[in-house]
Each structure stands twice: as C-alpha cells, then as structure tokens.
Amino acid sequence: MSHTPPSRTVEIISDARYVQAESPRWDGRDGGLAWIDMATGSLHRGRIEHGRVVPETAVVVGAQIGAPIPLAQSGAGWLVGVDRRVVHVGDDAVVTALTDDVAAPGDYMNDGGGDPSGRFWVGSQSMPRDPHCTLWSIGADGIPVARLDGVTVSNGLAFDQTGTTLYYIDTLPHRSIEAFDVAADGTLSNRRTVCRVDGGNPDGMTIDLDGNLWVAVWDAAEVRRYSPEGELLETIALPAKRPTAVALVGTLLVITTASIGLADPADADGALLGVQVDVAGVPAWPWAGAAPVVSAAGSVAEAAL
C-alpha cells in the first residue's frame, strides 16, 4: 500500500539551478557526488556538506551527455556516455574517446550505471521515438557488447548486490520496471515485468540495501519506492514537477530535477533535492578498466591494468 511517512521532509540542497540535471552518482572513492546537466553537456562534481551540495568542478563533455561512472582507482576519472559513444573524462578535465560511435546516427547515449563485476552498462535513446536502440555493457577491455535491442528510451538501471538481477527502465512505450537474470558473462535472460509506473514517465532509478527500487517519475512530481516484486511501498511528493534521477548517498536520497519545457518553473525545478530516508544505498559501482592513454602520435591506446 502506498503511503507518505509524515517524517519525510524534501529540501532544496543546491544553490544552482540546472536545465536538465540527471544521473547523480555517489563516488565511493572520496565520498563526493557527480551529476550531469544534459542541456549544457556538462559533467559536474562536488560534495555534500551539512546536507548541502557544494559544487567543485564542471567539464563540458559533449552536446548529448548521458550517464557517468567512476573508475575504480582514486584520481582515475570517469567514463561518460555522450553523443554516440563513451569517453573518459580525467580529473584534469581532458576528454578522451574510449569507444568509436556505437549508437546509430540520430540516436545518442542516455542513462547507465555499473554492476558489481565492473562493467559499465549504458543505453541509447531514439529521436524520433522508435524501438531500435540498444543497451550495451562495456567490460574492462573497453569493448561495447550489445545486450538488449528494441529499446526506445534507455533510462534507469540498477543491479542487486549479487549482480545476478538487473532492474531496467525503457521509459517508452510501456512505462514499466523490468527485470532480467544476469549471467556471469553479462548475458541477459528471463525478461519480466516488475510493475507498471502510472501517472508519469519512469526515469532514473537506484536500489537500496533492502533491495527496494527508488524511481524518479518525470511529470508526476514524485519519487516512488517499489519492492523487488513491484509493490508500491512509498510515494514522496516533490516540489519539482520533473524529477529525473535519484541516488542514495548513505541515507540521503539525492534527487536531480529539470526545468526544461516548463513555462513557469517553480523554485525547485532544476534544483538538486534531498530527503532523509530510513535505508541506505551503496556508492556507484565503478568501472574496472583503466583510463585510455593518448600516444605521442595522437591515437588512443589502452592503458595497462
């Protein structure tokens, strides 16, 4: 049964407002926070102090930026899905291609995240909307492997603690959370619907230590918590109409929001929001590969692990 506990207080935790903030990530290397602004193509990093976001750096990565994932080693930077490929963004702000273009012309990378085995999962979305996109995984060797075809808008994904179950949102056309069994080599099987998400568009998603799923519902001004079986456990009403994604930084639920497309944005639209909840999450699973290095001739070579 859905309910909103009276103790939940949603607060604006950023001074800045973004056009389309997305993909918050808790960085397990230094406890920091990363997020993106899709409208400006930028990767932002900062930290949370006394319940507030303190921004530190911003790097313009590309026109159509998607999800970031930290590398495992401190100071090793981030992978980011951007435009039709995946790039590496160093702590020195240098952007280096990891892959060639993998998304089809006219499509671009969208949401993604890591699994406990160190793979980076990232999917594309289509414009105009048509189910021809793909969800890929990228292992430590940097080679993209197509895992799921027929995708329209690849959005939230989360792995359970064992890495053997993937929860996934292809926002359109079904507006549902789905689940897959994940083999050791990353092969997906046993596709099934966990639940339908009504009243808005399910967007970014995270998982807590109890295995429950937290989903930002675009145009519903809500974050919802579902059990792994699809039971709606909780609805958190937000002061922002278009929440885009969520991350659990310990027990602080960080929510990115968008002001894009709103004729008269409220103060919270485009802000990062925070709410204390009663169960924690874990830092973002890192990518297990090494940063690409650029040779003197300008070509990209794989760095030694």
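Because the structure is a prediction, the values reported are computed rather than measured. (Residues numbered from 1 in each chain as written. Predicted model: local features only at pLDDT ≥ 70, side-chain atom pairs only at ≥ 80, totals over all residues. Heavy atoms only, no water.)

Visitor: Looking at this model, I keep getting lost on the side chain of Q125. Mind explaining?
Guide: Checked against the element boundaries, Q125 lands in strand β11 (residues 120-125). Note on Q125: relative accessible area 5%, which makes it buried. If we skip the residues at most four places from it in the chain, Q125 touches M38, D107, Y108, N110, C133, T152, V153 and S154. (Helix = DSSP H or I, 4+ residues; strand = E, 2+ residues; numbered from the N terminus. Buried < 20%, exposed > 50% of the residue type's maximum accessible area, 1.4 Å probe, protein only. Contact = heavy atoms within 4.5 Å.)

Visitor: In this structure, what is going on with the packing of aromatic side chains? I would like to understand it.
Guide: Given two aromatic rings, their pairing is described by the distance between the two centres and the angle made by the two planes. On inspection of all chains with the given rule, the structure shows three aromatic pairs. For the ring pair W121 and F159, a centre distance of 5.3 Å and an interplane angle of 55 degrees mean the geometry is tilted. Of this pair, W121 sits in strand β11 while F159 sits in strand β14 (residues 154-159), and the two are 38 residues apart along the sequence. Note on W121: relative accessible area 0%, which makes it buried. (Phe/Tyr/Trp six-rings, centres within 6.5 Å; stacked < 30°, edge-to-face > 60°.)

Visitor: Would you take a moment to explain the nonpolar core for this structure?
Guide: Within soluble globular proteins, side chains that are nonpolar tend to cluster in buried spots. W214, L253 and I255 are the most contacted members of the largest nonpolar core, which totals 16 residues. Looking at this core, the elements that each hand over two or more residues are β19 (213-218), β22 (243-249), β23 (252-257) and β24 (272-276). Counting 15 residues, the second largest nonpolar core, distinct from the first, contains A179, C195, V215 and V217. (Core = buried A, V, L, I, M, F, W, Y, C linked by side-chain atoms within 4.5 Å.)

Visitor: How do you make sense of the sheet that holds strand β21 (residues 232-237) when you look at a structure like this?
Guide: Through backbone hydrogen bonds, the strands of a sheet pair up, either in parallel or in antiparallel fashion. Strands sit in the order β18-β19-β20-β21 across an open sheet of four strands; the sheet is antiparallel. With one partner strand each, in any of the chains shown, β18 (201-207) and β21 form the two edges of the open sheet. When strand polarity is set aside, the average angle formed by the axes of neighbouring strands in this sheet is 25 degrees. Pairing between β19 and strand β20 (residues 222-226): five bridges, direction antiparallel. Each residue of the ladder has a partner; that of L213, found in β20, is Y226. (Pairing = 2+ DSSP bridges. Axes fitted to C-alpha atoms, helices over the stretch in contact; angles between N-to-C directions.)

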